[in-house]
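Architecture and fold: a report
Read off the chains here:
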Amino acid sequence: PSPPPPSPPPSPPPTPPPPRPPPPSSPSPPSLPPIVCDESLWPDKDHGLVCGECKVLVNKFSSKYLTCSGYCQAVGRSCTGAWEESGDTCSISYEMTCEQTLRSSDAICECFSPAPPPPPSPPPSPPPPAPPPPSPPPPSPLPPKLPPPSNPP
C-alpha cells in the first residue's frame, strides 16, 4: 500500500506586530530661543525700513559700509544675505553676495547670525605641579641623660 500523502506543515500563527513603545514622557529638550534681532537699534536704516527678521534697508551703503558684511559687522552680527533693492523699498532687485560692493546709497542686508566669537586664545598652560611639602622629620628620641659635666679643677 502506498504511504499517505505528506500533510502540509501547519502554518505558524501570524505574529502580532511588536507593541509600539509608549511616547517618552520626558519633556522635550528646551528649544533654543530664536535669534531675534532688535533692528530698531541698528544704525542707518533707509527710511527706517526693516524688511524682515534681521533684514534692513541700509542707507549710506556705498559711502560708509561698502558691503553687507561691513554693515553687519557694525551691528555685531554676521551677514547672511545681501540684495540690491528697487526704489528705496524692501523689493529685491537682485541678489548679491555679502562681500559685494555696490554703487548705490542703499541695499538690503540680512545679518541673522551673531558675529563669530573671536578665535579662542589657547588655554594657559597649567602651572607645573607643586612639589609635595616636605614631610616633617620623625620625632627624634630624647637624647639620653648625660651626667653633668664635671668641672676640671
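Conventions and cut-offs
All chains use their own residue numbering, which begins from 1 and follows the written sequence. Totals for whole chains, interfaces and linings use all residues, but because this is a predicted model, local features are given only for residues with pLDDT of at least 70 and pairs of side-chain atoms are given and counted only at 80 or more. Remark: hydrogens and water are excluded; side-chain values derive from all non-hydrogen atoms of the structure. One side-chain nitrogen of Lys or Arg within 4 Å of one carboxyl oxygen of Asp or Glu is enough to make a salt bridge. A run of DSSP states H or I qualifies as a helix once it reaches four residues; a run of E qualifies as a strand once it reaches two. Both are numbered from the N-terminal end. Classification of residues uses two cut-offs on accessible area relative to the type maximum, computed with a 1.4 Å probe and protein chains only: under 20% is buried, over 50% is exposed, and between them is partly exposed. Counted charges follow a simple rule, with Lys and Arg positive, Asp and Glu negative, and His plus the chain ends left uncounted. Definition of a polar contact: a pair of N or O atoms within 3.5 Å, with one able to donate and the other able to accept a hydrogen when the atoms are protein atoms, and with sequence-neighbouring residues admitted only if both atoms are side-chain atoms. We call two residues in contact whenever any of their non-hydrogen atoms come within 4.5 Å of each other.

1. Thoughts on the pattern of salt bridges
By the definition in use, this model includes two salt bridges. Its salt-bridge partner being K60, residue D44 comes within 3.1 Å of it at the nearest N-O pair. Here D44 is found in the segment before β1 (45–52), whereas its partner K60 is found in the loop between β2 (55–58) and α1 (61–65), with 16 residues between them in sequence. A salt bridge links K64 to D44; the nearest nitrogen and oxygen atoms lie 3.1 Å apart. You can see K64 sitting in helix α1 and its partner D44 sitting in the segment before β1, a full 20 residues away along the chain. Owing to a relative accessible area of 48%, K64 belongs among the partly exposed residues under this scheme.

2. Describing the side chain of E85
Its location among the elements puts E85 in strand β4 (residues 81–85). Despite being buried, E85 has no salt bridge partner; K55 is the closest side chain of opposite charge, sitting 13 Å away. A distance of 2.7 Å separates the side chain of E85 from the backbone nitrogen of D88, its partner in a polar contact. Leave out the neighbours within four places in its chain, and E85 touches L57, S91, S93, S104, D106, A107 and I108.

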